[in-house]
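Per-entry structural report
Spelled out, the chains give:
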Amino acid sequence: MISHHRAFIARRRTERPSEEYRELTATEWDEFLAHFELRKVALGTCGRDYATPCQHENACVRCPLLLVDPAQMPRLQEIHANLVDRLQEAKDQGWLGQVAAIETTMAAAAQKLEAIRDVQLSRPPSTSACPTSAGTPDEAAPIRRTEH
């Protein structure tokens, strides 16, 4: 299976322009690293792909791509509590669109809080902040394409 995969990759590389298989410039590498800096938000890290815009209009609590830092659990709990207050106000005022939006955000916040609790119960405290995060690239070890 591995040899078939390598053969597939080799065939694909012959079909692609050779410029795609060059060393990155310092500017390109800096741009790549800057993308990861821009992914940092108050609750954790946005998991969207490199060079893609935020499709969720920065509604991070709702976004499934938000990787919540467990250390930010108190902040997320505060946001959830604030949403409870806002929900009551929206219901009192008859703002049905706002009620629906707040309920959606509350459900997402509750789901993220539950996920943090699950991680905390199943892993020792010394583990990584986010079990699904690959982290950010290391400048000392730039990504390089290799021929196989």
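So, how was this worked out
- Residues numbered from 1 in each chain as written.
- Predicted model: local features only at pLDDT ≥ 70, side-chain atom pairs only at ≥ 80, totals over all residues.
- Heavy atoms only, no water.
- Helix = DSSP H or I, 4+ residues; strand = E, 2+ residues; numbered from the N terminus.
- Contact = heavy atoms within 4.5 Å.
- Areas by Shrake-Rupley, 256 points an atom, 1.4 Å probe, with all protein chains shown as cover.
- Salt bridge = Lys/Arg side-chain N within 4 Å of Asp/Glu carboxyl O.
- Buried < 20%, exposed > 50% of the residue type's maximum accessible area, 1.4 Å probe, protein only.
- Core = buried A, V, L, I, M, F, W, Y, C linked by side-chain atoms within 4.5 Å.
- Pairing = 2+ DSSP bridges.
- Axes fitted to C-alpha atoms, helices over the stretch in contact; angles between N-to-C directions.
- Parallel < 35°, antiparallel > 145°, perpendicular 65-115°, else oblique.
- Left-handed = near helix turned anticlockwise from the far one by under 90°.
- Nonpolar A, V, L, I, M, F, W, Y, C, P; charged D, E, K, R; others polar.

Now for the overall build of the chain. Within the chain, the secondary structure is distributed over 4 helices and 3 strands. The secondary structure elements of the chain, listed N-terminal to C-terminal, are α-α-β-β-β-α-α. Considering only intrachain contacts with a sequence separation of at least 6, the fraction spanning at least 24 residues in the chain is 58%. Accessible surface for the chain amounts to roughly 10,800 Å². Of this, 54% is attributable to carbon and sulfur atoms.

What follows concerns the pattern of salt bridges. Within this structure, the stated rule accounts for 3 salt bridges. When the shortest N-O distance is used, the salt bridge between Lys-40 and Glu-37 registers 3.2 Å. Among the residues examined, Glu-37 registers a relative accessible area of 48% and is labelled partly exposed. Taking the shortest distance from any N to any O, the salt bridge between Arg-117 and Glu-114 comes out at 3.9 Å.

A separate point is the nonpolar core. Of all hydrophobic cores here, the largest spans 9 residues; its members are Leu-43, Val-61, Leu-66, Val-68, Met-73, Leu-76, Ala-109, Leu-113 and Ile-116. Broken down by secondary-structure element, the contributors of at least two residues to this core are β3 (66-68), α3 (73-93) and α4 (96-122). No other element matches the 3 residues that α4 contributes to this core. With residues up to four places along the chain from it excluded, the contact list for Leu-113 reads Met-73, Leu-76, Gln-77 and His-80. Within the second largest apolar cluster, 6 residues are counted, among which are Leu-83, Ala-90, Ile-102 and Met-106.

Below, the discussion takes up the sheet that holds strand β2 (residues 44-46). If you walk across this open sheet you meet the 3 strands as β1-β2-β3, and the pairing is antiparallel. With partners counted over all chains shown, the strands left at the sheet margins are β1 (40-41) and β3, one partner each. In terms of strand pairing, β1 meets β2 through 2 bridges, oriented antiparallel. Looking at β2, one finds that Lys-40 is bridged to Thr-45.

Here we come to unusual backbone geometry. We note that Ala-51 has phi near 65°; this positive angle belongs to a residue other than glycine. Of note, Ala-51 is situated in the loop between β2 and β3. For Ala-51, a relative accessible area of 60% corresponds to the exposed category.

Bringing the packing of α3 against α4 into the picture now. A pair of packed helices is captured by two measures, namely the crossing angle of their axes and the spacing between those axes. Where α3 meets α4, the closest approach of the two axes is 9 Å, and the angle between their N-to-C directions is 155°. Taken together, the axes of α3 and α4 lie roughly antiparallel to each other. The element α3 and its partner α4 pack so that their crossing is left-handed. Considered class by class, the residues forming the contact of α3 with α4 number 13 nonpolar, 5 polar and 5 charged.

What is shown is where atoms sit, not what they do.
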